[in-house]
Amino acid sequence: MNYQKIYGITGPVSTAGSTAAENRLNDELIQELKREGSFETEQETENRVKVLKILQELAQEFVFRVSKKKNMSDGMARDAGGKIFTFGSYRLGVHGPGSDIDTLVVVPKHVTRDDFFMVFDELLRARPELEEIAPVPDAFVPIIKIKFSGISIDLICARLDIAQVSQSLTLADKNLLRNLDEKDLRALNGTRVTDEILELVPKPIVFRIALRAIKLWAQRRAVYANVFGFPGGVAWAMLVARICQLYPNANSAVILNRFFKILSEWKWPQPVVLKPIEDGPLQVRVWNPKIYAQDRSHRMPVITPAYPSMCATHNITDSTRKVILEEFERGIRITTDIFSSKKKWVDLFEKHNFFYKYKFYLTAMAATRGNDEQHLKWSGMVESKVRLLVLKLEALSGIKSAHPFTKPFEAVYCYSTNEDCKHILDSFGTHKTEEELRNFKRVTDENKGDEEIEKQSKVYITTMYIGLDVNVEDKKEKIDIHVPCNEFFNLCRNFNEEYQDSEVYSLVIKYVKLHDLPDDVYEEGEERPVKKKSKRKKMDKISNGSKRTKSETSNTKETCNNSDSAETNGSGTTQNGSVTASTATEVTKA
């Protein structure tokens, strides 16, 4: 009898291998991923390796400098070490062109987090390869975001309670987690989780191809963004890994079909786990819905395998859960059609329809009159709070769902006077006013290095969108959304004292109708939604100029006024984010 290792907390659903037809579909899937640009070139891979080598040297120099400041000898300072670890898509082997590298700097116990944001920051800024840098020490996981030799890198730091961090160090030993604070534990968790995932899948190559496909699908369908309430890269990786455990001998094409089928039928909130949840040596919280009410509130829990186990999908809301399940259903239909030769893999990766789907949208526009580093901090903080606005909107009786889009839109404009800047912000964000922006110079990748551009004052704008699915059954019902908008505005403004400076930082919340979305949200070749003609015009056309009685005219006017109320009322824009919605189709200024 052939013995096969059992992966996961249950036995496999099927141990059957792939058929010849399934292998052909798998080959077609790989070819489609290549056409979609999922794989990077050898040159790009070599560049990443070079950058990581430089970062390793910087990490060791960083620890050496801090050690010398603590009066250590040169020998002891060198022996203190310092090591770079990667995690996320790069560590999993599923990164593509333009992907960032999630990087962890591990340091010995005498190096502090403050040292990381001072000494290591200083070392980075001295490098000629550095293009952008944005330290965010106040983040949930303190981070330095950089662009280095054309590659985006997220740098985090963790301090271990040991005197030396050698190049041979691994992070598998749970005892390394002793005497660490929560931020250090969170920083270490990324690498530990990634390494565990790779240990828990039967065939890493099958897993990687399937995960590449799911990542591409999730990005195209706009369901890939932890910060906005969707699964992030690690959560999608764990979901794919669980399906691989259930079908250990299947190829990647079969894994995709089973992925959509099993997860759409999953009895949420039953958790997805890759191995039994472990106890450990620390007095830290491990995910346990029997003990913690907050854990019971998780809608689609996916639990990390590394100790201490956490929920990677705690950000999912009722609205985003609904969207995810709809996409799972679509995935079943299309992959089933692919297996019956009715469709191709390209159909699975078709772009989302978010900017055609809803009649009403809410936009949160974070702007900074300063430099790009200030704006990265401000806009990043606002992005991290959008999910809380979604939760507040969901609680309103007239809103069936509040669907956040997964990618912010960025714009930078030059201005000469404060009046110009105000005019840019007032005109930005709607189709009917964006023509005014042609009077101002927009900064692009092509012209940002121009001397004239560099001298001018700039306003940086990041726009986030929430699609509103409203209940229109009762035309007289009023939906007042100015309270959650005001609460969101105050939450962002009061995050720290710096952001209360309205001369530098601003947050504008606008209500926008489908036909008035700005051109930026549509790609070249996509058609804009067109405003429907009013019923008055339709009836005039039908009557063909024939004379109507007074009563007919009166009835028509009443019908027309009722149906066009959404088209004729104000935009509902205020500087403090106050917006009032009357019924589902009417918005006025609060």
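Whatever comes next refers back to the structure up there.
Since the model is a prediction, treat every value here as computed from it, not as a measurement. (Residues numbered from 1 in each chain as written. Predicted model: local features only at pLDDT ≥ 70, side-chain atom pairs only at ≥ 80, totals over all residues. Heavy atoms only, no water.)

1. A look at the overall build of the chain
Part 1: Scanning the chain from terminus to terminus reveals 20 helices and 13 strands.
Part 2: Looking at the 590 residues of the chain, the share that counts as buried comes to 51%.
Part 3: Pairs at least 24 residues apart make up 73% of the contacts formed inside the chain by residues separated by at least 6 positions. (Helix = DSSP H or I, 4+ residues; strand = E, 2+ residues; numbered from the N terminus. Buried < 20%, exposed > 50% of the residue type's maximum accessible area, 1.4 Å probe, protein only. Contact = heavy atoms within 4.5 Å.)

2. Some remarks on the environment of Ser264
Part 1: Tracing the backbone shows Ser264 in helix 9 (residues 252-264).
Part 2: Sequence separation of Ser264 and Ile324 is 60 residues, and the distance between their C-alpha atoms is 9.0 Å.
Part 3: Those residues in contact with Ser264, other than ones at most four positions away along the chain, are Phe328, Glu329 and Ile332.
Part 4: Separated by 3.0 Å, the side chain of Ser264 and the backbone oxygen of Lys261 make a polar contact. (Polar contact = N/O pair within 3.5 Å; in protein donor to acceptor, adjacent residues only side chain to side chain.)

3. As for the nonpolar core
Part 1: In terms of nonpolar packing, the biggest core is built from 60 residues, with Phe207, Trp217, Trp236, Phe259 and Phe328 touching the most fellow members.
Part 2: If you list the elements that add at least two residues to this core, you get helix 1 (20-35), helix 6 (182-199), helix 7 (204-220), helix 8 (233-246), helix 9, helix 11 (318-339) and helix 12 (345-348).
Part 3: Here this core gathers at least three residues from each of two domains, domain 1 (20-36 + 201-349) and domain 2 (42-193).
Part 4: Each residue touching Phe207, except ones within four places of it in the same chain, is listed here: Leu92, Ile197, Leu198, Val201, Ala237, Val240, Ala241 and Cys244. (Core = buried A, V, L, I, M, F, W, Y, C linked by side-chain atoms within 4.5 Å. Domains from an automatic or database assignment.)

4. Concerning the sheet that holds strand 5 (residues 151-159)
Part 1: Reading across the sheet, the five strands line up as 1-2-5-4-3 and stay open at both edges, with mixed pairing between neighbours. Edge strands, defined here as strands with exactly one partner in the open sheet, are strand 1 (83-87) and strand 3 (130-136). Taken over all neighbouring pairs, the strand axes of this sheet differ in orientation by 25° on average, direction set aside.
Part 2: Bridging between strand 4 (residues 143-148) and strand 5 involves five bridges; their strand directions are antiparallel. Looking across to strand 5, one finds that Ile146 is bridged to Ile153. (Pairing = 2+ DSSP bridges. Axes fitted to C-alpha atoms, helices over the stretch in contact; angles between N-to-C directions.)

5. Focus: the pattern of salt bridges
Part 1: Tallied over the entire structure, the rule returns 32 salt bridges.
Part 2: Between Glu36 and Arg220 there is a salt bridge whose closest N-O contact spans 2.7 Å. Residue Glu36 is located in the loop between helix 1 and helix 2 (42-69), and its partner Arg220 is located in helix 7; the two are separated by 184 residues in the primary sequence.
Part 3: In this structure Arg220 comes out as partly exposed when scored by relative accessible area, which is 26%.
Part 4: As a salt-bridge pair, Arg125 and Asp121 come within 2.5 Å of each other at their nearest N and O atoms. In this pair, Arg125 and Asp121 are both assigned in helix 5 (residues 113-125), four residues apart and thus about one turn of the helix distant.
Part 5: Arg125 sits in the partly exposed class, given a relative accessible area of 39%.
Part 6: Classification of Asp121 by relative accessible area gives buried; the value is 7%. (Salt bridge = Lys/Arg side-chain N within 4 Å of Asp/Glu carboxyl O.)

6. Section: helix 8
Part 1: Its 14 residues give helix 8 an end-to-end C-alpha distance of 20 Å, which sits within 8% of 20 Å, the value for a rise of 1.5 Å per residue.
Part 2: Most of helix 8 sits inside the fold, with twelve of its 14 residues counted as buried.
Part 3: The set of residues buried in helix 8 consists of Ala235, Trp236, Ala237, Met238, Leu239, Val240, Ala241, Arg242, Ile243, Cys244, Gln245 and Leu246.
Part 4: In this structure, the buried side of helix 8 is in contact with helix 4 (88-92), helix 6, helix 7, helix 9 and helix 11. (Expected span 1.5 Å × (residues − 1).)

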